[in-house]
Each structure stands twice: as structure tokens, then as C-alpha cells.
Amino acid sequence: MPPLPSSLQNQRLSFSLKPLFFFSQSSLAPRKFPIPRQLISEKLRTFSCLASVQSSATDNGTNSSDAGSRGGRSGALSPSSIAEEVQRIDVNPPKGTRDFPPEDMRLRNWLFNHFREVSRLFGFEEVDYPVLESEALFIRKAGEEIRDQLYSFEDRGNRRVALRPELTPSLARLVIQKGKSLSLPLKWFAVGQCWRYERMTRGRRREHYQWNMDILGVPEVTAEAELISSVVTFFKRIGITESDVGFKVSSRKVLQEVLRCYSVPENLFGKVCIIIDKIEKIPIDEIKRELNATGLSKEATEELLQVLSIKSLTKLEEILGGAGEAIADLKQLFSLAEKFGYSEWIQFDASVVRGLAYYTGVVFEGFDREGKLRAICGGGRYDRLLSTFGGDDVPACGFGFGDAVIVELLKEKGLLPELILEVDNIVCALDGDLQGIAATVATKLREKGQSVDLVLESKPLKWVFKRAARTNAQRLILVGNTEWQKGMVGVKILSSGEQYEIKLDELE
């Protein structure tokens, strides 16, 4: 054999070229190229197929060195070295997130369809926004608590961005962007995925889907009354009653009037609201300590907590007087609740303030009456949100309704629906040569709006019947040689066992 050109004898020859040349010199030892361990997880994956090949080769009296002497790739990885290096990845989703296999996806779609149908019944239009937004959109006015919960980072353009923790700031951004081209009032809804890095509890994850309904351009409490009515309608549709769920209703203006009596600065209002929102979550002594730390006197703190313990609108009126906006708004809301037909669903609770800093008026929160779960939904009025982003303020109110707590409630009440996979037809060719005809049958049925599970490979009839049972198919359509020679297919109604033959053009 003529000598190799000197350029190809270079030790820096690209590894990708080496397999083109066969070396039998004993001085060239096989090289191993281990996979970096940082790219793979911890559990060892067994390559049974490679092991069997290796075992077979040994049984035939060969080994890796024999293969090399026969012209094999001396640099190739042996099965044993691959098995040692390749490990199985962690197959669980990131902590606090979920997969949606088919059975869970059916439940999600069922829930979202109810969200959308209720929104349609109330005349709302669907919108959506990017999951990734500017970080400033959320930290500008959502409150310090949100800042600590953001999934945020700097992108490759050196911009601070964040996965949205809620939908309302994105709504505000879009309204400002559209400006005067929008015709008020707006009635918009959205169903979107949100992300918050927070402590997980029952019904609380780090990602969830949220149904929002918002009304912009209506300053009257009729807007809040309409929103609560939509949530009540949703509950009724899925089997939840007023004995299962209620709404706690109050107004941020109640808090403002109490703080005004003690000359508490306006800039502390947001911080006080965030603390008050924790009343049922942490000990009352801790609430007092945090309120005093904001600058509230002990006297003001005690008076505030006394007012917030009131559960009667009449008693609140005795303390604050009937002339304030808070009392007037709440009286009107309870009057409208009677007209809408959901007065038994709502109750006054002065402690409800909601944690987000942008609320300005009536606030409400859905809760389960047994007290086993966190808030089911919540919302209120946010008339001054747009100006914090540089836009012109528009009267606005809305709510957010997560997908996690309501599923827990349905489980608790035994109201989860049985959602099974169902198809209209399963189509099977009894001979491989008729697979194309079976595809034609499936296409014609799909064009008529029927769902078809087409068997894509040769399978025994026993398997086909099991498949039909698993998919809850209504009909089994068999394409066989004898029937097709007459231009017909066989049909079996699986619920009754009725069988017949029919021409393809007559198949409905």
C-alpha cells in the first residue's frame, strides 16, 4: 500500500475524518470520548440492545480487539463504555409545574370551555398577551410582594423581562397602546398561563392558568355587580351552589377612611393593604407588629383592626357614618345583587382588601364555606392603574380566577366530571393491500365532521376490538377483500352488536 500523504498523518487530523481510514497498528490504541456528566442526570440508563449485541459478539468468538484487526473502527465507543456514561434525565417537570397528559387535558379543556362560554354569555371578547413581558410592567404598581415572586431575567438584548405573574398589567399596557381607537366600555376576557415563584400549598402552584374578565369605561358599581354575576353563573354551570361557595365583599375606601382619621400618609396605603391581606394567614400579633413598623401608632392599629373585624354593613355605617363613598358603593352593590339573583352568595367582610396595590374601590373574594381551601377567585376596581404606566386613567374593574383551586374544590365535592376519550368510528383494513382504501373511508367520514381513529398498521381483529373499547368508538368499519370487491365495507355498531354491509358512498 502506498504511504499516506504527510498531511493526513498530522496528529491534529479532524476526528470526523478518522473513520475513513483503517489502522491495524497496535500502537494506535482505541480512544474514548465520554459524554460530559454535567449534560445528563443521575440515573443510569441500560442499553439492553447494545448489551445483547455485545453478548452475541462474544458468543461468536469475537471481541473488540478482534473487530479492530478485521478493519473495524478502533476509535468507536464500545457498548459497555456508553452504558457507563449515558444516564437518564430527570423525567419530572420543574417543581411547581405540570404536565397535561390526555386525561388531564380533557379536564382542562372542559374547564376552559366553561370559562369561555360564560364570558360569551355576558358579551365579552377574548384577548391574550405575551407570556413574556417587560419586568417594569409588573414592579411599577403591583407591589413589592410581586417583585419577590417574579420569574425574571435579563435577555440577550440586556432587557429586564419577566414571565407574567398576572394578566391585568398586560391588559393596561394594551389599552394604552390602542389609545383612542378603542370604543368604551370594553368588556374583555382572557385565559392565560401565569407564573409566580412562591411557596406551594394545596391549590397553589408556581404556574397556573387564570381566567380574567375586565370591564373598562364604567365608573358605577354596576360593573362589579355584573362581574360577580358572571362568576356565580360559572359556579352554577359546574354544579357549585351558594352552600358551597360565597363571596366576601368590601371596599378599599373603608380602609382609606379609617387611615385618614389618623392622618396616615397616602403613600403608606399600599403597604398597609398588603399587610391586612395576610390577616387569615399569619398570627394577629405579627399583623400588629408589621403595621406598627410602617409608622402606624398602636391606637390607629387597634382601631383599624377593630373596623376590619366587622361583618355587618349596618354596623360599619354606624362607625363611619352613611355619607362616605365606601358605604354608598357597598349599599348599591348589595341592592344590585338582589336584582341579579345572587344575594345569598355574598356577604360583607371589612377585612377583604386584596393584596395587589392597584385596587381603589370595591374588592371581592370567592371562598369555600368549609374553609379548607385558599381564595377561589378575587377582584375589584382599579380606576388609577393606567396612569401609573403613563396613560390616561379609565374607570376599570375585573377579576382573576385560577384553574388550580377550583379543581380541588370539585374533587372535594365529588363534582369532577367523567371525561373519557370518545371517537365516532374506528376504521381498519383487513388486508395490507387495502390500507389505502381504509384511508379513503376515513377521509370521507372526516369530511362529514365525524371523528375517525384509523388503524395504521396490520393488526389482528382482537387488537382492533380492544382499541375500539379503549377509545369508546361507536362504530367499527372493516375494509375486507370480499366486501370491497362489491364496493362495500362492513359496519358493526359496537353498542348493539348490529352488523351490516354498506356502499362507501352511502356511509354516513
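Preceding block: the structure.
Chemist: Requested: an account of the overall build of the protein, with residues and values cited.
Modeler: If you tally the helices and strands in the protein, you get 18 helices and 18 strands. Out of the 508 residues belonging to the protein, those deemed buried represent 43%. Long-range pairs, those at least 24 residues apart, make up 69% of the contacts in the protein with a sequence separation of at least 6. On the protein, roughly 27,900 Å² of surface is accessible, and the fraction owed to carbon and sulfur atoms is 50%.

Chemist: So what's going on with the pairing of strand S5 (residues 151–154)? Which residues, and what values?
Modeler: Two elements, S5 and strand S6 (residues 160–163), share 4 bridges in a ladder whose sense is antiparallel. Opposite Phe153, over in S6, you have Val161 as the bridge partner.

Chemist: Break down the pattern of salt bridges for me, with residues and values.
Modeler: A side chain with one charge may pair with a side chain of the opposite charge, provided their charged atoms come close. For the structure on display, the rule yields 27 salt bridges. A salt bridge links Lys372 to Glu370; its shortest N-O distance comes to 3.4 Å. Exposure remark for Lys372: the relative accessible area of 48% places this residue in the partly exposed category. The exposure class assigned to Glu370 is partly exposed, which follows from its relative accessible area of 47%. Residues Lys413 and Glu370 are paired through a salt bridge, measuring 3.3 Å at the closest nitrogen-oxygen approach. Of this pair, Lys413 sits in helix H15 (residues 403–413) while Glu370 is found in the loop between strand S11 (362–368) and strand S12 (377–381), placing the two residues 43 residues apart along the sequence. Each member of the salt-bridge network shares a partner with another, and the members are Asp244, Glu370, Lys372, Glu412 and Lys413.

Chemist: Mind laying out helix H12 (residues 298–308), listing which residues take part and the relevant values?
Modeler: Listed in full, the buried residues belonging to H12 are Ala300, Thr301, Leu304, Leu305, Val307 and Leu308. Mapping the buried residues of H12 onto a view down its axis gives an arc of 160°, with all of them on the same face. Summarising the geometry of H12, the exposed residues directed more than 90 degrees from the buried face are Lys298 and Glu299. Of the surrounding elements, those touching the buried residues of H12 are helix H9 (252–261), helix H10 (269–276), helix H11 (284–293) and helix H13 (313–320).

Chemist: Explain the packing of aromatic side chains residue by residue, including any values.
Modeler: Per the counting criterion, the structure on display carries 17 aromatic pairs. Their ring planes at 55° and their centres at 5.4 Å tell us that Trp211 and Phe234 sit as a pair that is tilted. In this pair, Trp211 sits in strand S8 (residues 207–216) while Phe234 sits in helix H8 (residues 222–237), placing the two residues 23 residues apart along the sequence. Judged by relative accessible area, which is 0%, Trp211 ranks as buried. In this structure Phe234 comes out as buried when scored by relative accessible area, which is 0%. By way of ring pairs, the aromatic residues Phe100, Phe112, Phe115, Tyr209, Trp211, Phe234, Phe235, Phe247, Trp345, Phe399 and Phe401 are connected into one cluster. One cation-aromatic arrangement involves Lys248 over Phe367; the distance from NZ or CZ to the ring centre is 5.0 Å. The ring of Trp463 carries Lys459 above its face, with NZ or CZ at 5.0 Å from the centroid.

Chemist: Tell me about the sheet that holds strand S3 (residues 125–126), residues and numbers included.
Modeler: Read from one edge of the open sheet, 8 strands run S3-S7-S8-S13-S12-S11-S9-S10, paired in mixed fashion. Looking at which strands have only one partner, the edges of the open sheet turn out to be S3 and strand S10 (346–348). Relative to S11, strand S9 (residues 245–251) is paired through 7 bridges, and the arrangement is antiparallel. Within S11, the residue paired with Gly246 across the bridge is Phe367.

Parameters at a glance
- Residues numbered from 1 in each chain as written.
- Predicted model: local features only at pLDDT ≥ 70, side-chain atom pairs only at ≥ 80, totals over all residues.
- Heavy atoms only, no water.
- Helix = DSSP H or I, 4+ residues; strand = E, 2+ residues; numbered from the N terminus.
- Buried < 20%, exposed > 50% of the residue type's maximum accessible area, 1.4 Å probe, protein only.
- Contact = heavy atoms within 4.5 Å.
- Areas by Shrake-Rupley, 256 points an atom, 1.4 Å probe, with all protein chains shown as cover.
- Pairing = 2+ DSSP bridges.
- Salt bridge = Lys/Arg side-chain N within 4 Å of Asp/Glu carboxyl O.
- Arc of directions from axis to C-beta.
- Phe/Tyr/Trp six-rings, centres within 6.5 Å; stacked < 30°, edge-to-face > 60°.
- Lys NZ or Arg CZ within 6 Å of the ring centre and 35° of its normal.

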